Amino acid sequence: MNKLATVIVDDEPLARKGLAVRLQGFANIEVVAQCSGGKDAVQQIKALSPDLVFLDIQMPEMSGFDVVRQLLTDNVEMPIVVFVTAFDHYAVQAFDVHALDYLLKPVDHERLSQTIDRVEAFIGQQKADSHKRRLIDVVSEVTGNDCKTIIEQLEDNIPVSISSYSDVLAIKDIGETSLVPTKDIIWIDAAGDYMCVHTDEKTHILRKTMKDLEQLLDPKTFIRTHRSAMVNKRYIDKFGNQINGEYYLILTNNKELKVSRSYKDKVKQAILN
């Protein structure tokens, strides 16, 4: 059996050791290097040409995405990259859509076994170009830059910056995933256990809580108007109150949204800023 030469990249010593110990249980894996940072990872990957890299995302000085960018820029033959992450939901959605696989810390043995099986199957298909495109798509989704911009930045050796909030909301529906640009979302309201995400074209149904969405969406753009609703302030046309003291917003599509008393001051402040 040909073993997969594997590199572990993580700035946390215990995380590196823990993953290395778990990988000892797989006969088809040989850990050939452990790296504590991005720069060392780039050097080791260039020198060793591994089959597989477990790559932490959040590292000082050079993130996991920076490592991918540098390898692509240097036209290195890309190994299979499995991201190891403690990122929140929006990044996990991006990996679900684009990446070969990802692991959440702390790494679970059963989940790791599934990852190794997936890597083996992918290598068997020999889709190197497809994997390279997947990596670009992951960086694109998490950073909020489109693929064309990513490729141009890579060619010009321009660092790809990572935004704190996603520019795309991944919404799964009957086996398909729609990538909805957040700039196109007009407002969101709750319907039981689901969120209704409204754009000009359609309403998407998302199984998340309002609290989840507040973590995903930029609060400078999306304003809570009610405990069960938020609005993209780019689409606000008017803010007013009725004779009975109730407050409301008129959106650019003439939709009227109620503003609860507990949120009216925050809405006013957000509109003025």
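Definitions and limits used
- Residues numbered from 1 in each chain as written.
- Predicted model: local features only at pLDDT ≥ 70, side-chain atom pairs only at ≥ 80, totals over all residues.
- Heavy atoms only, no water.
- Helix = DSSP H or I, 4+ residues; strand = E, 2+ residues; numbered from the N terminus.
- Buried < 20%, exposed > 50% of the residue type's maximum accessible area, 1.4 Å probe, protein only.
- Contact = heavy atoms within 4.5 Å.
- Areas by Shrake-Rupley, 256 points an atom, 1.4 Å probe, with all protein chains shown as cover.
- Pairing = 2+ DSSP bridges.
- Axes fitted to C-alpha atoms, helices over the stretch in contact; angles between N-to-C directions.
- Phe/Tyr/Trp six-rings, centres within 6.5 Å; stacked < 30°, edge-to-face > 60°.
- Lys NZ or Arg CZ within 6 Å of the ring centre and 35° of its normal.
- Salt bridge = Lys/Arg side-chain N within 4 Å of Asp/Glu carboxyl O.
- Left-handed = near helix turned anticlockwise from the far one by under 90°.
- Nonpolar A, V, L, I, M, F, W, Y, C, P; charged D, E, K, R; others polar.
- Core = buried A, V, L, I, M, F, W, Y, C linked by side-chain atoms within 4.5 Å.

Engineer: Would you mind showing me how to read the overall build of the protein chain here?
Structural biologist: Counting secondary structure elements, the protein chain contains 9 helices and 15 strands. Within the protein chain, the fraction of its 273 residues that count as buried is 49%. The long-range share in the protein chain, meaning contacts at least 24 apart out of those at least 6 apart in sequence, stands at 51%. For the protein chain, the exposed area adds up to about 14600 Å²; of that, 45% sits on carbon and sulfur atoms.

Engineer: Help me understand the sheet that holds strand S1 (residues 4-9), please; the structure alone is not making it clear to me.
Structural biologist: By way of backbone hydrogen bonds, the strands of a sheet pair with one another, either parallel or antiparallel. Taken in spatial order, the 5 strands of this open sheet run S2-S1-S3-S4-S5, and their pairing is parallel. For this open sheet the edge positions go to strand S2 (29-35) and strand S5 (102-104), each flanked by a neighbour on one side alone. Geometrically, the sheet is characterised by an average inter-axis angle of 20° between neighbouring strands, direction not taken into account. Examined bridge by bridge, strand S3 (residues 52-56) and strand S4 (residues 80-85) share 5 bridges and lie parallel to one another.

Engineer: Would you mind showing me how to read the packing of aromatic side chains here?
Structural biologist: Any pair of aromatic rings gets described here by the distance separating the centres and the angle formed by the planes. Summed over all chains, the structure comprises 2 aromatic pairs. A ring pair is formed by Phe 239 and Tyr 247, whose centres lie 6.1 Å apart and whose planes are at 15°; its orientation type is stacked. We classify Phe 239 as partly exposed; its relative accessible area is 27%. The side chain of Arg 207 reaches across the aromatic face of Tyr 194, ending 5.1 Å from its centre.

Engineer: Just checking my understanding: could you explain the pattern of salt bridges for this structure?
Structural biologist: Pairing is possible between side chains of opposite charge, provided their charged atoms come close. Enumeration over the complete set of coordinates arrives at 7 salt bridges. Close ionic contact of Lys 105 with Asp 10 constitutes a salt bridge, the shortest N to O distance being 3.0 Å. Placement of the pair is Lys 105 in the loop between S5 and helix H5 (109-125) and Asp 10 in the loop between S1 and helix H1 (13-23), with a sequence separation of 95 residues. Using a relative accessible area of 26% as the deciding quantity, one classes Lys 105 as partly exposed. Since its relative accessible area comes to 4%, Asp 10 is described here as buried. Residues Lys 183 and Asp 184 are paired through a salt bridge, measuring 3.3 Å at the closest nitrogen-oxygen approach. One salt-bridge network, held together by shared partners, links Asp 10, Glu 12, Asp 56 and Lys 105.

Engineer: Would you take a moment to explain the packing of helix H2 (residues 38-48) against helix H3 (residues 64-73) for this structure?
Structural biologist: For any two helices packed against each other, the geometry comes down to the angle between their axes and how far apart the axes lie. At their nearest, the axes of H2 and H3 sit 9 Å apart, and the two run at 35° to each other. Of the two elements, H2 crosses H3, and the hand of that crossing is right-handed. For the pair H2 and H3, the contacting residues are Gly 38, Val 42 and Ile 45 in the first and Val 67, Gln 70 and Leu 71 in the second. Residues of the contact of H2 with H3, tallied by class, amount to 4 nonpolar, 2 polar and no charged.

Engineer: Even after reading the chapter, I still don't get H3, so can you show me in this structure?
Structural biologist: Since the α-helix packs 3.6 residues into each turn, any two residues three or four apart lie on the same face. By the criterion of burial, H3 is predominantly enclosed, with 9 of the 10 residues buried. Along H3, the residues classified as buried are Gly 64, Phe 65, Asp 66, Val 67, Val 68, Arg 69, Gln 70, Leu 71 and Leu 72.

Engineer: Teacher, can you tell me more about the pairing of strand S12 (residues 229-232) here?
Structural biologist: The side chains of a regular strand alternate, residue by residue, between the two faces of the sheet. Residues Ala 229 and Val 231 point to one face of S12 and Met 230 and Asn 232 to the other, with burial holding for every one of them. Two elements, strand S8 (residues 187-191) and S12, share 3 bridges in a ladder whose sense is antiparallel. Paired with Asp 189 across the bridge in S12 is Ala 229. Strand direction decides the pairing type here: strand S11 (residues 222-226) and S12, joined by 4 bridges, are antiparallel. Bridged to Arg 224 within S12 is Met 230. What sits between the antiparallel neighbours S11 and S12 is a turn of 2 residues.

Engineer: What's the story with the nonpolar core in this structure? I'm lost.
Structural biologist: When a protein is soluble and globular, its nonpolar side chains tend to lie buried together. Counting 22 residues, the largest nonpolar core has Val 7, Val 9, Val 53, Leu 55, Val 67, Leu 71 and Phe 83 as the members making the most contacts within it. Among the secondary structure elements, those contributing two or more residues to this core are S1, S2, H2, S3, H3 and S4. In terms of residues, this core owes the most to one element, H3, which gives 5 residues. Ignoring sequence-local partners within four residues, the contact set of Leu 55 consists of Val 9, Gly 64, Val 67, Val 68, Val 81, Val 82, Phe 83 and Val 84. The next biggest cluster of nonpolar side chains, apart from the first, holds 19 residues, and it includes Leu 19, Ala 20, Val 82 and Leu 112.

Engineer: When you look at the environment of Gly 25 in this model, what are you seeing that I'm missing?
Structural biologist: One can find Gly 25 in the loop between H1 and S2. Sequence-wise, Gly 25 and His 109 are 84 residues apart; in three dimensions their C-alpha atoms are separated by 9.5 Å.

Engineer: When you look at the sheet that holds strand S14 (residues 247-251) in this model, what are you seeing that I'm missing?
Structural biologist: With antiparallel pairing, 3 strands are arranged side by side in an open sheet as S13-S14-S15. Each having just a single partner strand, strand S13 (236-241) and strand S15 (256-259) make up the two edges of the open sheet. Averaged over all pairs of adjacent strands, the angle between strand axes in this sheet comes to 25°, irrespective of strand direction. Of the strands in this sheet, S13, S14 and S15 are in contact with helix H9 (residues 264-272), which crosses S13 at around 140°.

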